[in-house]
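# Chain and residue survey
This is what each chain is made of:
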Amino acid sequence: MKAARAKTPRRPALKKPSPPGPKDPVGVYCRVRPLSRPDQECCIEVINESTVQIHPPDGYRIFRNGEYRETQYSFKEVFGTLVAQKQLFDVVAKPLVEDLIRGKNGLLFTYGVTGSGKTHTMTGSPGDGGLLPRCLAMIFNSIGPFQAKRFVFKLDDKNGVDVQCEVDALLERQKRDAMPVSKTPSGKRQVDPEFADMINVQDHCKVEEVDEDNVYSVFVSYIEIYNNYIYDLLEETPFDLIKPKWNNCNTPVRNGDFIPPQSKILREDQNHNMYVTGCTEVEVKSTEEAFEVFWKGQKKRRIANTQLNRESSRSHGVFMIKLAQAPLDADGDNVLQEKEQITLSQLSLVDLAGSERTNRTKAEGNRLREAGNINQSLMTLRTCIEVLRENQMYGTNKMVPYRDSKLTHLFKNYFDGEGKVRMIVCVNPKAEDYEESLQVMRFAEMTQEVEVARPVDRPLCGRRFRNQAFREELARKLEIRGGPINGETEEQSASEIFLQNFPPLPSCELLDINDDQTLPKLIEVLEERHKLRQKLSEEFAKNVLTFKTVLRELDSDVMSKENYVQGKLSEKEKIITGQKTELERLEKKIKTLEYKIEILEKTATIYEEDKRHLQQELESKSQKLQRQASDKRRLEARLQGMVAETTMKWEKECERRVAAKQLEMQNKLWVKDEKLKQLKAIVTEPKSEKPERPSRERDREKPIQRSVSPPPVPNAPPVRLRHRRSRSAGERWVDHKPPSNLPTDTVMQPHVPHAITVAAASEKALAKCDKYMLTHQELASDGEIETKLIKGDVFKTRGGGQAVQFTEIETLKQESPTGRKRRSPSNADPPEDAADSEWTDVETRCSVAVEMRAGSALGPGYQHHAQPKRRKP
């Protein structure tokens, strides 16, 4: 960081504000090339001398808002398709050449898309030379008689120029003539017929006012900027393309990695002007020689065949013309050896490569890389112009990115320093280039708002000019005094008049030696003349003194008046300077306020756009929340229904399970109670011999199985009583009688008509019937056989099978009269709800018809319903 800061003292020199003098905007001109075919669609129309109108072609006329937009752009001057090169040169390039001869710098470049006529405008065609050959012709037509001999001026390596004495220049010329390939003198040079028609300019344009007290020399150089590298097109060394790397096996590296060639380097001289180090600069003495040098470099310039242009420039070409001039000495024979008196001016003619879209050119490989670098450098130029415009219009101090591209870095001194800048926008009116032409027009319109400092006029300083100035000043003063201009003639006539006033001299001839009259007379006349002379001298001296006194008075009067006038002028100048300063301050303030207003307008627009987006987002979020709330309410209602339904279901299931469990426990308690009662009866009753039936001895030896018939549970829910159905109904029955059943000798036998009797239940029999009855026998507690008829309904299952749901049980029992037990006295008069609570003896149980209703499965979960026998009234 310290090293970087050490270099910053150079910045103030660069930052030196563009000289406070007047500024001129960049002159932007537009040239429209003719269509290649008359049947092509045109999208650009010339309205007048300074305006063009661009309209979208047929395929682009429908915009987002459905409108047909025509856009007009204004330029300093517009040149249509019929304008000749001569007219374009007179308007655009001729003032730059005049400034070059007067010691001012200039920059002229052509800008446009590929195929818009930039190279044709700059170079021209056979029989119709472009701007470059016409500039060379005008330069040499103007300074031809005043050119210095070769090598009098010598350019150094730091963008400066030195003056050599005549002896050193002669040695340089002899050394050049002694080279193996001698140069043909310019007067005898044979012009190359390839470009002879381009430089054959017939109008002989020249600058009228050329300082004849100076001598001139012209130096030209030609470079190109290719892929952001600077190459010297006049260099004699082989000019190769980018070479690949070579490995140790003397074969190219396969990964395609390239070594960039050694390009020329940009440097800055002591006047903060950029120049190319080591660039070949050739001194030329004629238009033919200069254009021959240009044509030599033009052959090396990179061009390629693309789909948009058969000879498309793939690099930016820069042809620089330097003019060195210095005054002669007092004798007018030699150049002054003072380096401060040398003036070096430069005119740069730039042919920019055309911007292009790769999807239109179908570029690949090297062409694609070239197009990318061309577009990047042009984009950097556009960015620099935008920043310059913003700094000048709004008073900002943003850094201009000149160093992002070699093109902008080379010409930064034209925009930051002094010199005229001219740009010719070349456009192709065909419809296919509409979008590219639109971008070019916008850039050109923006470039016109950039201002460049106007070059300072250089005062002429030469021997002949100084003599002429002296004569003009002497004549002016004599005219002011009222005296004659021709002083010598008037002085001679006055002396003659003065001599005529003297007494004439007598004859001076002495004929006789004794003549004593001639000499005295001559002495007397001479004495008179002497006295008159003395008298005149005294009078003249008095007049001189008087005249001097008058002159002194006049001088003092003039000096006082001049001092007074100078004081007044200084006061006025101070007032004017103060007013100018105030105006500049107000203008800067206005620009700053306009810039702030523009920023605020942009900010307000952005905020309004954000507000609109946020409102739309808020509305969408509100709608989304409403939908979510409605979905939530529907889901809550659905869940509440499901919860209520599930709650009722589980409540019923819990009640059923609790009732079943209670019934099971009551059944177990009742069985234990019955066993205890039977045990008590056996213990308390006396033993009596009772005849036993031999047919049932085997059965008594078996463990007694008792039917579990507990009394109704008080806490159990009431069960709906089922009515006995008639046995004579017309349903089909399956009469299941297991083979283990014993036949009974009772008079009442169970009989079901139209029944299918089976020993084991089968699906086939169940499929034919809708009722089912199982005959089950077991030994009762008193040792008698008890027959139970278990009945149920047959229905089909989802799987295609048959299932039986038991509905009721009928019990048939045979009793012996001797085995009946009496009711205990405690139960003689049972209360009314005794039948609902429990049964006390076997007799009561046997006297009641029991009907059982099956649940989901047979077993302890049976629900028993006992009704006491109805007594006859």
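Read on for an overview of the structure. What you are looking at is a predicted structure, and each value in this text was computed from that prediction instead of being measured.

### Examining the overall build of the protein
Helices and strands together make up the secondary structure of the protein, namely 19 helices and 31 strands. Buried residues in the protein amount to 34% of all 873 residues. The long-range fraction of contacts in the protein, counting pairs at least 24 apart against all pairs at least 6 apart in sequence, stands at 69%. Here the protein has roughly 56,600 Å² of accessible surface; of this, 53% comes from carbon and sulfur atoms.

### Focus on the sheet that holds strand β4 (residues 51–54)
With antiparallel pairing, the three strands of this open sheet are ordered in space as β3-β4-β5. The open sheet has two free edges, formed respectively by β3 (44–48) and β5 (71–74), since each of these has just one partner strand. Within this sheet the neighbouring strands show an average axis-to-axis angle of 30°, counted without direction. In this structure, β3 lies alongside β4, joined through four bridges in antiparallel fashion.

### Considering the packing of helix α3 (residues 85–101) against helix α5 (residues 131–143)
Running from amino to carboxyl end, α3 crosses α5 at an angle of 45°, the nearest separation of the two axes being 9 Å. One finds that α3 runs oblique with respect to α5. Between α3 and α5 lies a crossing of right-handed hand. Only Leu131, Arg134, Cys135, Met138, Ile139, Ser142 and Ile143 of α5 make contact with α3, whose side of the interface consists of Gln85, Lys86, Leu88, Phe89, Ala93, Lys94, Val97, Glu98, Leu100 and Ile101. Of the residues assigned to the contact of α3 with α5, the class counts are 11 nonpolar, two polar and four charged.

### Brief notes about unusual backbone geometry
Even without being a glycine, Asn227 presents a positive backbone phi close to 55°. Accessibility expressed as a relative area gives 9% for Asn227, which makes it buried. For Asn228, which is not glycine, the phi torsion reads 65° and is therefore positive. Structurally, Asn228 can be placed in the loop between β12 (214–226) and β13 (229–232).

### Structural notes on helix α15 (residues 518–684)
Here α15 contains 167 residues, and its C-alpha end-to-end distance of 230 Å stays within 8% of the 249 Å for a straight helix at 1.5 Å per residue. Listing the buried residues of α15 in full gives Thr518, Leu522, Val525, Arg529, Tyr595, Ser630, Leu663, Asn667, Trp670, Glu674 and Ala681.

### Here's the deal with the pairing of strand β25 (residues 733–736)
Of the two faces of β25, the one holding Trp733 and Asp735 and the one holding Val734 and His736 are both buried throughout. Note: β25 against strand β26 (residues 755–758), four bridges, orientation parallel. Bridge pairing in β26 places Val734 opposite Ile756. For β25 and strand β27 (residues 771–779), the ladder comprises four bridges, and the chain directions are parallel. Opposite Val734, over in β27, you have Tyr772 as the bridge partner.

Basis of the calculations
Residues numbered from 1 in each chain as written. Predicted model: local features only at pLDDT ≥ 70, side-chain atom pairs only at ≥ 80, totals over all residues. Heavy atoms only, no water. Helix = DSSP H or I, 4+ residues; strand = E, 2+ residues; numbered from the N terminus. Buried < 20%, exposed > 50% of the residue type's maximum accessible area, 1.4 Å probe, protein only. Contact = heavy atoms within 4.5 Å. Areas by Shrake-Rupley, 256 points an atom, 1.4 Å probe, with all protein chains shown as cover. Pairing = 2+ DSSP bridges. Axes fitted to C-alpha atoms, helices over the stretch in contact; angles between N-to-C directions. Parallel < 35°, antiparallel > 145°, perpendicular 65-115°, else oblique. Left-handed = near helix turned anticlockwise from the far one by under 90°. Nonpolar A, V, L, I, M, F, W, Y, C, P; charged D, E, K, R; others polar. Expected span 1.5 Å × (residues − 1).

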